[in-house]
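Given next are the chains, with one letter for each unit.
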Amino acid sequence: MDRVDRLDRVGRLAAYGAALVMTPYALIKISWVVGSLAGLLPIGDGFDLTGWVVLNTVTIGMAAIGMAVALALVRPWGMRIPGPLVAFVAWVGTGFLVPLLPYAVLDPLLGLSGDASQRHEGSGPAMPGWEAALIQISFVGMGLGLALALPAYLRRRWPEVFEGRVGDDGGRGRRPALWAAAVAAVIGAVWVYWALGGTAGVARPAHQEAGGRLLTGVWGLWALVASAATWMLSRGRPARLPRWVPLSLGWLGTGSLFAWSGWRLPITLYVALARPADVSLPENLAFVAVLQAAAVAAGAAMLPVLVRSRGIPTARDAAKASARPPGFRPFRGQVPYDTSELRRQR
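Throughout what follows, the structure given in this document is the object of discussion. Keep in mind it's a predicted model, so treat the numbers as computed, not measured.

1. A look at helix H9 (residues 210-235)
Working step 1: The first and last C-alpha atoms of H9 sit 37 Å apart over 26 residues, in line with the 38 Å expected at 1.5 Å per residue.
Working step 2: A positive backbone phi angle near 70 degrees is found at Gly236, which sits one or two residues after H9.

2. Observations regarding the pattern of salt bridges
Working step 1: If you walk through the whole model with that rule in mind, you get one salt bridge.
Working step 2: A salt bridge links Asp8 to Arg12, with the nearest nitrogen and oxygen atoms 2.8 Å apart. With a gap of four residues between them, Asp8 and Arg12 both fall in helix H1 (residues 3-21), about one helical turn apart.
Working step 3: By relative accessible area, which is 19% here, Asp8 ends up buried.
Working step 4: Taking the relative accessible area as the measure of exposure, Arg12 reaches 32% and is therefore partly exposed.

3. As for a nonpolar patch on the surface
Working step 1: Together, Val105, Leu106, Leu109 and Leu110 line one region of the surface with nonpolar side chains, adding up to about 400 Å² of accessible area.
Working step 2: Inspection of the secondary structure assignment puts Val105 in helix H5 (residues 101-110).

4. Examining helix H4 (residues 83-97)
Working step 1: Counted at 1.5 Å a residue, the expected span for H4 with its 15 residues is 21 Å, and the 21 Å between its end C-alpha atoms agrees.
Working step 2: Within the sequence span of H4, burial applies to Gly83, Val86, Ala87, Ala90, Trp91, Val92, Thr94, Gly95, Phe96 and Leu97.

5. Some points on the packing of aromatic side chains
Working step 1: Within the structure shown, the criterion is met by eight aromatic pairs.
Working step 2: With centroids separated by 5.9 Å and ring planes inclined at 50 degrees, the aromatic side chains of Phe88 and Trp91 adopt a geometry described as tilted. Linking Phe88 with Trp91, this pair stays in helix H4, spanning three residues, or about one helical turn.
Working step 3: Using a relative accessible area of 41% as the deciding quantity, one classes Phe88 as partly exposed.
Working step 4: Considering the side-chain rings of Phe88 and Phe258, the 6.2 Å spacing of their centres and the 75 degrees angle between planes classify their relative orientation as edge-to-face. Of this pair, Phe88 sits in helix H4 while Phe258 is found in helix H10 (residues 244-274), placing the two residues 170 residues apart along the sequence.

Conventions adopted
- Residues numbered from 1 in each chain as written.
- Predicted model: local features only at pLDDT ≥ 70, side-chain atom pairs only at ≥ 80, totals over all residues.
- Heavy atoms only, no water.
- Helix = DSSP H or I, 4+ residues; strand = E, 2+ residues; numbered from the N terminus.
- Expected span 1.5 Å × (residues − 1).
- Salt bridge = Lys/Arg side-chain N within 4 Å of Asp/Glu carboxyl O.
- Buried < 20%, exposed > 50% of the residue type's maximum accessible area, 1.4 Å probe, protein only.
- Patch = residues over 30% accessible without salt bridge, like charges linked within 9 Å, V, L, I, M, F, W, Y side chains within 5 Å.
- Areas by Shrake-Rupley, 256 points an atom, 1.4 Å probe, with all protein chains shown as cover.
- Phe/Tyr/Trp six-rings, centres within 6.5 Å; stacked < 30°, edge-to-face > 60°.

In structure tokens form, the structure reads like this:
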């Protein structure tokens, strides 16, 4: 068995594992919704019954989508789903989960926030430890599974996606993407600054916690990674660097910017507008809302450079491909049509 076959086998097993390990999370969230509606379980801090049910119903749907995506990366029907749809959903899913793996490892090791899962899940103080452990295992397992399964899927569907080196095409500079990379760099610098204890733009410095600062620092580092990867692919430098390096890092970094800021922005706006008495954020709400909106826009603006840099077709590409006659091959520096039939006739 060669190296490619081994990677494909590992990717397939990881896809099944990712779908399986997310099951406890979905079941826990379902029990929270049913239990709160029946009056058997408490409602999370800062929520009324409606808000609590809506929040957890959304996360149940996200878990179901994550499990479906994991299975789509390994089951035959996944190859029949339109490529741009799979790529977008996988981009968001990996952006949610994979970049948080360093936080999931460092937080318990450093003992910074023993109840971090409760805070970020919006759960109440009575959440049992075994539930918190299962939720953490689900997130880490899904992140690791997608990190292994997605490259194997891309190799099967688009064999050229990771081939070549930076600069082979002379760079694909696009001004909007370069501006987005600059915005992402600024956002990442702000988040790293807050993680290191900076207080500019922080309305309540006393409310900053070590675990939250670590999480903010992780987001900031991935924003900087997204910016650097987009710049490399856009400018074609450093030349001869394997393309899969900035492509993979840029995929994760832009996904983190888009997914997590898109998730946090509605919560920030809710806190800013509703002003719940028992919920507060340390940052200046207006400033952080602008920052999160800019992060969503920057992540989306940098994605085209990653998608078009090698192999992954856009929706327009897919439409053009469906209109091509059988046997058509796009010109890539070789003979632009299939000559096998001509050779047989000779």
